[in-house]
Amino acid sequence: EPEVTQTPSHQVTQMGQEVILRCVPISNHLYFYWYRQILGQKVEFLVSFYNNEISEKSEIFDDQFSVERPDGSNFTLKIRSTKLEDSAMYFCASSTGTSTVYEQYFGPGTRLTVT
Amino acid sequence: DQQVKQNSPSLSVQEGRISILNCDYTNSMFDYFLWYKKYPAEGPTFLISISSIKDKNEDGRFTVFLNKSAKHLSLHIVPSQPGDSAVYFCASGGGADGLTFGKGTHLIIQP
């Protein structure tokens, strides 16, 4: 069964450094998303991406964040200058966008630890 | 503001019995609702969804009920099995927008 994959599974970085989190969505999906979950809190939407551009973003997704689909398979989230409060699990998700219910399928997540 | 609320942080149910997880929402504009199951250190796994134009959707042991007038939905799992022990998230969305999640309910199935 097709699934969303994410790399790395765990990333440790120092405050102020740039990180790139990578995702490979399910191959026939058209909509791509990033979410994060800070420890003990709920899953929060960051950004959605369709047709090679951002279609929606939350207030969390400020200028420090960017997304890109550099080729036909990868979808990346870049954090330019990490802060301690960026420590969280980051989930990528994708959806076909072909039904009335946009069921999103999630990857296993990347645990980002900022020290 | 919490647009999607799961008021029970945890629920304990005996194996073989029915598990009922509840969710309330405030935004009437949501088009659909979904339930996800999550194990520690894993991503949410999609379980079942329901469009806002329906009041029930069933898939095997899982049934979701939607009461639009009360802005309430519930997930029924019957019979409950040990592998159902996990955190269950209610989520809602509109079109291709990002989903809004509740805080989750930790379901514990006791033997």
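As a reminder, the structure under discussion sits directly above these lines.
Residues numbered from 1 in each chain as written. Chains lettered and ligands numbered in written order. Predicted model: local features only at pLDDT ≥ 70, side-chain atom pairs only at ≥ 80, totals over all residues. Heavy atoms only, no water.

(A) How the structure looks around the state of the cysteines. Applying the stated criterion across every chain yields a total of two disulfides over all chains. The disulfide bridge from C23 of chain A ends at C92 of chain A, spanning 1.9 Å between sulfur atoms. On the sign convention where negative is left-handed, the bridge of C23 of chain A and C92 of chain A, at about -60 degrees about the S-S bond, is left-handed. Here C23 of chain A, found in strand 3 (residues 19–24), pairs with C92 of chain A, found in strand 9 (residues 88–95); they are 69 residues apart in sequence, far enough to count as distant. Take C23 of chain A and C92 of chain A: they sit in the same class, and that class is buried. Across the disulfide from C23 of chain B sits C90 of chain B; the S-S distance is 2.1 Å. The S-S bond linking C23 of chain B to C90 of chain B shows a torsion near -70 degrees; that makes this disulfide left-handed. Of this pair, C23 of chain B sits in strand 3 (residues 19–25) while C90 of chain B sits in strand 9 (residues 86–93), and the two are 67 residues apart along the sequence. Judged by its relative accessible area of 0%, C23 of chain B is buried. (Disulfide = S-S within 2.5 Å. Helix = DSSP H or I, 4+ residues; strand = E, 2+ residues; numbered from the N terminus. Buried < 20%, exposed > 50% of the residue type's maximum accessible area, 1.4 Å probe, protein only.)

(B) Geometry of the pairing of strand 8 (residues 75–79) of chain A. Residue and element names in this part refer to chain A. Of all five residues making up strand 8, four are buried, and the element is well covered by its neighbours. Pairing between strand 7 (residues 65–68) and strand 8: four bridges, direction antiparallel. Of the residues in strand 8, the one forming a bridge with S66 is K78. The turn joining strand 7 and strand 8, which pair antiparallel and follow one another in sequence, is formed by six residues. (Pairing = 2+ DSSP bridges.)

(C) Up close: the sheet that holds strand 7 of chain A. Residue and element names in this part refer to chain A. Here we have four strands laid out as an open sheet, ordered 1-3-8-7, and antiparallel in their pairing. Bordering the open sheet on either side are strand 1 (5–7) and strand 7, each of which pairs with just one other strand. Geometrically, the sheet is characterised by an average inter-axis angle of 20 degrees between neighbouring strands, direction not taken into account. (Axes fitted to C-alpha atoms, helices over the stretch in contact; angles between N-to-C directions.)

(D) Focus on the interface of chain A and chain B. With 19 residues of chain A at the contact, the number on the chain B side is 22 residues. Where chain A abuts chain B, roughly 1,700 Å² becomes buried across the two surfaces, and 63% of that area is made up of carbon and sulfur atoms. Among the residues of chain A in contact with chain B, K42, V101 and F106 of chain A are the three that bury the most area, contributing 31% of the side total. Connecting chain A to chain B are zero salt bridges. Our enumeration of links across chain A and chain B arrives at six residue pairs in polar contact (both at pLDDT 80 or more). Among the elements of the structure, strand 4 (31–37), strand 5 (44–50) and strand 10 (105–106) of chain A are those that each provide at least two residues to the side of chain A that touches chain B. A per-element tally of the side of chain A that touches chain B places strand 4 of chain A first, with four residues. Among the residues forming the side of chain A that touches chain B, the class breakdown is eleven nonpolar, five polar and three charged. (Contact = heavy atoms within 4.5 Å. Buried area = accessible area lost by both parts, 1.4 Å probe. Salt bridge = Lys/Arg side-chain N within 4 Å of Asp/Glu carboxyl O. Polar contact = N/O pair within 3.5 Å; in protein donor to acceptor, adjacent residues only side chain to side chain. Nonpolar A, V, L, I, M, F, W, Y, C, P; charged D, E, K, R; others polar.)

(E) Representation of the pairing of strand 8 (residues 72–77) of chain B in the model. Residue and element names in this part refer to chain B. Counting buried residues in strand 8 gives five out of six residues, a clear majority hidden from the surface. Of the pairings in the sheet, the one linking strand 3 to strand 8 comprises six bridges and is antiparallel in character. Its bridge partner lying in strand 8, I20 is registered against H76. Here strand 7 (residues 62–67) hands over to strand 8 after four residues, with K71 in that stretch at a positive phi of 50 degrees.

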